[in-house]
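Chain by chain, the residues run as shown.
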Amino acid sequence: MNATTRIREGMALPMVLGAITLIGTLIAGVMYFATQDYRVGANTLNEARAESAAELGLNRLTTDWDKSKNATMVPGDTVTLSYTDPNGASVTVFVTRLNGSAFWAVSEAMTRGNSLQYGARRRYGSVFRINTPNVNILGGVTAAGNIRVSGNVTVNGNDVSPTGWQNCPSLVNKPGAVITPTATVTVNGSVSITGNPPYTTNAAAGDTNTYFNYGNATYNQLAAAANITLPGGVYTGMAPVVANGVCQTTPPTNWGDPIRHAPTAACESYFPIIHVTGNLTATTGTGQGVLLVDGDLTEAGNFTFYGLVIARGTIRATGSGNAVTGAALAAAVDLGDAVTLGGGTTVQYSSCTVANVLSSTSSLMASRGRAWVNLY
């Protein structure tokens, strides 16, 4: 081997080593940038998932909200809800009661990371309000026909708040009874009708919208959302049902507990919508909520109800111990005597009970479409 060959071999080795080093550096660079690109893409995906999950938490409030909290939460109270979205992100929603019917909700979502990517966190906030039906309550009793009152009956349109009930609006007195301009009020016996004024006429009492359309809801929609649906008939013994300290909402005779106890009883926060698909005769029972009767309602003695009563037909009361605290509306679809009250019966207007039962049967809705704020 001559000198020239040895020189060439000596130069080839460094060149090969240099080429290998260069190729290794290029490969390492490609791997580094590929890994960085993967991390950026994965982190961007995690950010998008966190944003989607945070918005999901707010959207779930309109479908999963416990309506009973509408009446039990007072301004400043906060509840915490937890979800897991389909992609595995954990979502925590903090809901705080504001004044009136408003709630402030903060939805915080977190996604998991791994050795090559970071987890992401996103918080959205939004104002919600109770989507309460706007029922046009004209007085303690609203009738689309004549009213006949006899016996020991009291109808009072002066607003009251029942003992222990919370979230009550300001008291506003209404007429004791309101009828159509062509109808009459007939009074016999030891009867007391009071209010501002005691009774009056109003064209709205003859308008079917007063009884069946409530702004963002209708009679049929409330009936479709009923907690209890019963055929027409005679029902007795309605009372709270509690087992192991838990209100049992399955029995059709549990219409809630209108008495505010100390300590709080289990069924105080249960405000059912009760829908009777025919004529209803109710006796010796109690309840709270919204009572919808497709036919005629007869209170046959010792029946007390707190909330809103709407009958497509007439409302009658016989016997003693009948009491409605809230408001009663009789559409009297067949006209004639819409309301006939006798015996020992009391109808007491209460905006507090009406507001509570309507809000407690209503879902939440965003104050405006997509009205959320990106907190971070």
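Above this text is the structure in question.
Residues numbered from 1 in each chain as written. Predicted model: local features only at pLDDT ≥ 70, side-chain atom pairs only at ≥ 80, totals over all residues. Heavy atoms only, no water.

Turning next to helix α5 (residues 351-360). Here α5 lies mainly inside the structure; 9 of its 10 residues are buried. Buried within α5 are the following residues: S351, C352, T353, V354, N356, V357, L358, S359 and S360. Where the residues of α5 are buried, they touch α2 (69-72), β4 (121-130), β18 (285-293), β20 (303-311), β22 (320-330) and β24 (344-349). (Buried < 20%, exposed > 50% of the residue type's maximum accessible area, 1.4 Å probe, protein only. Helix = DSSP H or I, 4+ residues; strand = E, 2+ residues; numbered from the N terminus. Contact = heavy atoms within 4.5 Å.)

What follows deals with the pairing of strand β3 (residues 102-110). Taking burial as the measure, the 9 residues of β3 include 7 buried ones, the bulk of the element. Taken together, the 8 bridges between strand β2 (residues 90-97) and β3 define a ladder with antiparallel strand orientation. Within β3, the position partnered with S90 by the bridge is M110. Between β2 and β3, which follow one another and run antiparallel, lie 4 residues, and G100 among them has a positive phi close to 70°. Pairing geometry for β3 and β4, over 9 bridges, is antiparallel. By the bridge assignment, A105 is partnered in β4 with S126. (Pairing = 2+ DSSP bridges.)

Below, the discussion takes up empty space enclosed by the protein. Throughout the structure, instances matching the rule amount to 1 cavity of 30 Å³ or more. One number sums up the size of the largest cavity: a volume of about 50 Å³. Considering the residues around the largest cavity, the lining is formed by V141, L297, E299, V309, I315, V324, A328, V339, L341 and V347. Among the secondary structure elements, those contributing two or more residues to the lining of the largest cavity are β19 (297-299), β22 and β23 (337-341). Per-class residue counts for the lining of the largest cavity are 9 nonpolar, no polar and 1 charged. (1 Å grid on protein atoms, 1.4 Å probe; cavity = no way out; pocket = protein on both sides within 12 Å on 5 of 7 lines; lining within 4 Å. Points joined across faces, edges and corners; volume = space filled by probe spheres on them. Nonpolar A, V, L, I, M, F, W, Y, C, P; charged D, E, K, R; others polar.)

For T180, the position within the fold is in the loop between β8 (177-179) and β9 (185-188). On the accessibility criterion, T180 (8% relative accessible area) is buried. Once residues lying within four places of it in the same chain are set aside, the contact partners of T180 are A143, A144, T201, N202, A205 and G206.

Moving on to the nonpolar core. One finds W255, L280, L291 and V339 to be the most contacted residues of the largest nonpolar core, which totals 39 residues. Tallying contributions element by element places β20 first for this core, with 4 residues. The residues contacting L280, other than those within four sequence positions of it, are G233, Y235, W255, L291, V293, D296, L297 and T298. V135, F271, Y306 and L329 belong to the second largest nonpolar core, which has 31 residues in total. (Core = buried A, V, L, I, M, F, W, Y, C linked by side-chain atoms within 4.5 Å.)

Moving on to the environment of G100. With respect to the helices and strands, the residue G100 is situated in the loop between β2 and β3. Sequence separation between G100 and V74 is 26 residues, and the spatial gap between their C-alpha atoms is 9.3 Å.

So, on to the sheet that holds β23. Pairing between sheet strands relies on hydrogen bonds along the backbone, with the strands arranged either parallel or antiparallel. An order of β9-β6-β23-β21-β19-β17-β13 is seen for the 7 strands of this open sheet, with the pairing classed as parallel. Of all the strands in the sheet, the pair left with one neighbour each is β9 and β13 (233-236). Pairwise comparison of adjacent strand axes, ignoring direction, gives a mean angle of 15° for this sheet. Of the pairings in the sheet, the one linking strand β17 (residues 280-283) to β19 comprises 3 bridges and is parallel in character. Paired with T281 across the two strands is T298, which belongs to β19. (Axes fitted to C-alpha atoms, helices over the stretch in contact; angles between N-to-C directions.)

On to the pairing of β23. Along any regular strand the residues' side chains alternate between the sheet's two faces. Of the pairings in the sheet, the one linking strand β6 (residues 146-150) to β23 comprises 4 bridges and is parallel in character. Looking at β23, one finds that N146 is bridged to D337.

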